[in-house]
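Structural characterization, general
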Amino acid sequence: NCIIGILTGIVYYFMAKEIAGIKSARITAFLIVFFPSLVLWSITSLKDTLFIFLTGLILWSFMKLLKTSKAIYLILLVFTLFFQFSLRSMFILPTVLIMGLSYALIKIKIRKIHIIFLIFILIMTSPLLKIGFSAFKRQVINYHLGVVSTGGFVYRIYDDWLYNPIVDAKQISNFEFFKGLLRGWFHCFLEPFPWKISSKLSLVAFPQMIIWYFLLPFSILGVLIQLKHNWHKSLLLLMYFLVIGSVLSLSGGNVGTDFRIRDTLTPLILLFSAIGISKIFIGQCDITP
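Just so it is clear, the structure is predicted and the values come from calculations on it, not from any experiment. (Residues numbered from 1 in each chain as written. Predicted model: local features only at pLDDT ≥ 70, side-chain atom pairs only at ≥ 80, totals over all residues. Heavy atoms only, no water.)

Attention shifts here to the packing of helix 8 (residues 174-190) against helix 10 (residues 231-251). Viewed as axis vectors pointing N to C, helix 8 and helix 10 meet at an angle of 95 degrees, and their least axial separation amounts to 8 Å. In this view, helix 8 runs roughly perpendicular relative to helix 10, as classed from their interaxial angle. Residues Phe-177, Gly-180, Leu-181, Gly-184, Trp-185, Cys-188 and Phe-189 of helix 8 form the contact with helix 10, whose own contacting residues are Phe-241, Leu-242, Gly-245, Ser-246, Leu-248, Ser-249 and Leu-250. The residue makeup of the contact of helix 8 with helix 10, split by class, is nine nonpolar, five polar and no charged. (Axes fitted to C-alpha atoms, helices over the stretch in contact; angles between N-to-C directions. Helix = DSSP H or I, 4+ residues; strand = E, 2+ residues; numbered from the N terminus. Parallel < 35°, antiparallel > 145°, perpendicular 65-115°, else oblique. Contact = heavy atoms within 4.5 Å. Nonpolar A, V, L, I, M, F, W, Y, C, P; charged D, E, K, R; others polar.)

Shown next, in the form of structure tokens:
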């Protein structure tokens, strides 16, 4: 796990170098290798370090496949997807969908006929899409309710009446579901709050949370820089973060579990933070369109 933790920093180094240049890449590698919780998982026997590494390898190999179309990157991508699926199967479907959509947006030249055809397909498949969304909504709501019902250091993302045992997930409207998504993002990526420290474990997490709150604004700046100058190279990373982050936010509820699971996306946040830091303190991001 220690070796894999170091390799994770190297993988994201090359990813950052690809989209933002050498300066941002060096900061990215430094932040990932020495980020407290990532160091913690790398000295334990948990599978988190391996999963985080595989996530980076999947994203990097797909970026290289888009750029070079070499078979070696396709083989690496298929292998890492299969390996990741054996660890946590819930990530495989959204990952494949994200890659397919990003490929279409980057590689295919959109014409009017494509837009008309896409609208036609969406209209024809709308009943299936509605059924699929309803099934997904029911699944993540029930998972969240199950997490909260176990007690401990938990939080709620829906109104209190929705946690009544007799309430069915079908009764939660799409508006309430969307509100829950926003609250979920807030809790999943900002907990544990310093003012809610109530145990030794949450006290240990306090220094990291201060670092985390310091880096988040730089991450937002880094995203804005990439969207302005290099959106096509960063599209895959941003889509992955938004989709997987939404799944984690909707299915979370336990602060300790969220603190560990969200580190799947922590290297991406650190990567964009490095871009923001490079812009502010070095004066440039070394971006090549």
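Additional details are given in the paragraphs that follow.
So, on to the packing of aromatic side chains. Geometry of an aromatic ring pair is reported as the spacing of the ring centres plus the angle between the planes. By the definition in use, this model includes eleven aromatic pairs. Each residue in the set Trp-185, Phe-189 and Phe-241 is aromatic and connected to the rest through ring pairs, giving one cluster. Over the ring of Tyr-163 we find Arg-156; its NZ or CZ atom is 4.5 Å from the centre of that ring. Seen from the ring of Trp-212, Arg-262 lies directly overhead, with NZ or CZ sitting 5.3 Å from the centre. (Phe/Tyr/Trp six-rings, centres within 6.5 Å; stacked < 30°, edge-to-face > 60°. Lys NZ or Arg CZ within 6 Å of the ring centre and 35° of its normal.)

Among all residues save glycine, negative phi is the norm, and among peptide bonds the norm is trans. Looking along the chain, the bond that leaves Glu-191 and enters Pro-192 is cis, with omega of -5 degrees. Of note, Pro-192 is situated in the loop between helix 8 and helix 9 (200-229). One non-glycine residue, Ser-69, lies in positive phi territory at about 60 degrees. With respect to the helices and strands, Ser-69 occurs in the loop between helix 4 (48-68) and helix 5 (71-87). Here Ser-69 falls in the exposed class, since its relative accessible area comes to 58%. (Buried < 20%, exposed > 50% of the residue type's maximum accessible area, 1.4 Å probe, protein only.)

This part covers helix 1 (residues 2-20). With 19 residues, helix 1 should reach 27 Å at 1.5 Å per residue; the first-to-last C-alpha distance of 27 Å fits that figure. Every buried residue of helix 1 is listed here: Gly-5, Thr-8, Gly-9, Val-11, Tyr-12, Tyr-13, Met-15, Ala-16, Glu-18, Ile-19 and Ala-20. Among the residues trailing helix 1, Gly-21 stands out with phi positive, at a value near 100 degrees. (Expected span 1.5 Å × (residues − 1).)

A few words on the pattern of salt bridges. Side-chain pairs of opposite charge can arise whenever the charged atoms involved come near each other. Evaluation of the coordinates by the stated rule reveals five salt bridges. Asp-159 is the partner of Lys-179 in a salt bridge, and the nearest nitrogen-oxygen pair spans 3.8 Å. Remark: Asp-159 occurs in the loop between helix 7 (112-149) and helix 8 and Lys-179 occurs in helix 8; sequence separation between them is 20 residues. Looking at Asp-159, the relative accessible area reads 26%, which means it is partly exposed. With its nearest N and O atoms 3.4 Å apart, the salt bridge here joins Asp-159 to Arg-183. In this pair, Asp-159 sits in the loop between helix 7 and helix 8 while Arg-183 sits in helix 8, placing the two residues 24 residues apart along the sequence. (Salt bridge = Lys/Arg side-chain N within 4 Å of Asp/Glu carboxyl O.)

The interhelical angle for the contact between helix 1 and helix 12 (residues 266-282), taken along N-to-C directions, is 45 degrees, at an axis separation of 11 Å. Between helix 1 and helix 12, the angle falls in the class oblique. At the point where helix 1 passes helix 12, the crossing takes the right-handed sense. Only Pro-267, Leu-268, Leu-271 and Ile-275 of helix 12 make contact with helix 1, whose side of the interface consists of Tyr-12, Met-15, Ala-16, Ile-19 and Ala-20. (Left-handed = near helix turned anticlockwise from the far one by under 90°.)

Turning to a nonpolar patch on the surface, a few remarks are in order. Together, Ile-3, Ile-6, Leu-7, Ile-10 and Phe-14 make up an exposed nonpolar region whose accessible area comes to about 450 Å². Mapped onto the elements, Phe-14 comes out in helix 1. Judged by relative accessible area, which is 39%, Phe-14 ranks as partly exposed. (Patch = residues over 30% accessible without salt bridge, like charges linked within 9 Å, V, L, I, M, F, W, Y side chains within 5 Å. Areas by Shrake-Rupley, 256 points an atom, 1.4 Å probe, with all protein chains shown as cover.)

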